Structures are given as structure tokens and as C-alpha cells.
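# Fold and geometry: a report
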Amino acid sequence: MNKKGISLMSMVIYVVLFFAFSAFAVGMSLNMNYKNISQKGKVWIHEQAQKLQYNLLNSAKDSTTIDHISGKIVFSNNDEYDYDEEKKVIYKNGGILVTDVEELKSIVIDNLTGVNPTFSTAIIDRNKDYSCLSVKFKKYGEEFSTQIFVTAGDVI
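What you see is a predicted model; the values in this text were computed from it and never measured. (Residues numbered from 1 in each chain as written. Predicted model: local features only at pLDDT ≥ 70, side-chain atom pairs only at ≥ 80, totals over all residues. Heavy atoms only, no water.)

### Concerning the overall build of the protein
Test applied: Secondary structure elements follow DSSP: runs of H or I of four or more residues count as helices, runs of E of two or more count as strands, with numbering from the N terminus. Buried means the residue's accessible area, taken with a 1.4 Å probe over protein chains only, is under 20% of the maximum for its type, while exposed means over 50%, and partly exposed covers the values in between. Per-residue accessibility takes into account occlusion by the displayed protein chains alone, with areas from the Shrake-Rupley method and a 1.4 Å probe.
If you tally the helices and strands in the protein, you get 1 helix and 8 strands. Ordered by position in the sequence, the α and β elements of the protein form the string α-β-β-β-β-β-β-β-β. Per-residue burial over the protein gives 27% buried out of 156 residues. For the protein, the computed accessible surface area is about 10900 Å², with 56% contributed by carbon and sulfur atoms.

Below, the structure written as C-alpha cells:
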């Protein structure tokens, strides 16, 4: 039997192979997209942490005092930082500074962890205004925790 054209069996094989390769391509694409989102989350939270640290350091450098007043961090140069737990945002002078903040708490200098051995808390002037903060960021399932230590003025 010599038939010309596409048989029913070859069409079925073609359709099955097409869907198998399509499912494989979609699966690979979703996996790669998941990894890209994870990387994007890491970049985002590290950028937010650096932005917060940069602004706190600049505020501290231009100030002579740092006060913690009713949950706000107030510098003598009139910079004011406020954390909104519901929105997970830190405001600077009323405007949004950083987002995706899971936790912000003020800690004492003795509770700093992961400190370089050359940094001694004994040499810090306890009478000088300083602020120690523990901050935790979270985005796309990625988390990053850091501690920020700033002193008022340009001395330390």
C-alpha cells in the first residue's frame, strides 16, 4: 500500500511531540524567571539598605545630636526618620525613603553582632550621641538583615 500525504498516526506523533516540547520550554522559562525574580529581590533589598545607611550617615554627619522620640529618629539638622510597620516603609522628613522593611528596631551598642574585632565598643564615648539600628528587608522571598551604627558629628 503506497499512500501519499500525512497519515493519522504521523499527525498524532507530531501533536504529542509539539506539546511535550512546549511543556518543556514553558517549564524551563518559569524556572529561569523564578531565579531572575530571586536575583532581582536580592539586588533591590541591598540597594534599599545602602540607601538607608547613606542617608543616616549624612544626617548624622551634619548633626550634633540624635534623639529617639516616640518611635522616630530625630537629628539636630532637622532630618526625621519614621518607620511605618503597616506599610513597611521608612520615611525621611515625610517622604518615602526605603520600602520593603520588615523590621526596624533600635538596639544598644553592646548588642551589635558581627562587629570587626578591631572595632571596640570600649573606645566609644557613651556620652556622644549615637544610634544603633537593626533593620530587616524582604522582597520576593529574599531577606537581608543589617545593623547600622552612626554617631553625631564628624568625629568617629
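### Observations regarding the sheet that holds strand S2 (residues 72-75)
We apply this condition: Strand pairing is defined by DSSP finding a minimum of two bridges between the two strands. Comment: axis = line fitted to C-alpha atoms, over the contacting stretch for helices; angle = value between 0 and 180 degrees taken between N-to-C directions.
Taken together, the 5 strands give an open sheet; going across it, the order is S1-S2-S3-S4-S5, and neighbouring strands pair in antiparallel fashion. The open sheet has two edge strands, strand S1 (66-69) and strand S5 (95-99), and neither has a second partner. Neighbour-to-neighbour, the strand axes of this sheet turn through a mean angle of 25 degrees, independent of strand direction.

### Some thoughts on the packing of aromatic side chains
Inclusion rule: Two rings belonging to Phe, Tyr or Trp (six-membered ring only in the last case) form a pair when the distance between their centres is within 6.5 Å. Interplanar angles under 30 degrees mark stacking, angles over 60 mark edge-to-face geometry, and anything in between is tilted. Lysine NZ or arginine CZ positioned within 6 Å of the ring centre and within 35 degrees of the ring normal marks a charge as sitting over the ring.
As enumerated under the stated definition, the model contains 3 aromatic pairs in all. An angle of 70 degrees between the planes, with centres 5.5 Å apart, marks the rings of Phe18 and Phe19 as edge-to-face. Seen in terms of ring centroids, Tyr130 and Phe149 are 5.7 Å apart; in terms of plane orientation they differ by 40 degrees. Their pairing is tilted. Placement of the pair is Tyr130 in strand S7 (residues 130-139) and Phe149 in strand S8 (residues 142-151), with a sequence separation of 19 residues. According to the relative accessible area criterion, Tyr130 is partly exposed, its value standing at 22%. Above the face of the Tyr140 ring, Lys139 is positioned so that its terminal group lies 5.0 Å from the ring centre.

### Some words on the sheet that holds S7
Read from one edge of the open sheet, 3 strands run S6-S7-S8, paired in antiparallel fashion. Two strands bound the open sheet, and with one partner strand each, they are strand S6 (101-107) and S8. Averaged over neighbouring strand pairs, the angle between their axes works out to 15 degrees when direction is ignored.

### Section: a nonpolar patch on the surface
What counts here: Like charges within 9 Å and nonpolar side chains (Val, Leu, Ile, Met, Phe, Trp, Tyr) within 5 Å are joined into patches, using only residues over 30% in relative accessible area that form no salt bridge. By salt bridge we mean one thing: a side-chain nitrogen of Lys or Arg within 4 Å of a carboxyl oxygen of Asp or Glu.
A surface patch of nonpolar side chains, amounting to about 750 Å² of accessible area, comprises Leu8, Met9, Val12, Ile13, Val16, Leu17 and Phe21. Within the secondary structure, Met9 sits in helix H1 (residues 8-61). On the basis of relative accessible area, Met9 is assigned to the exposed category, the value being 57%.

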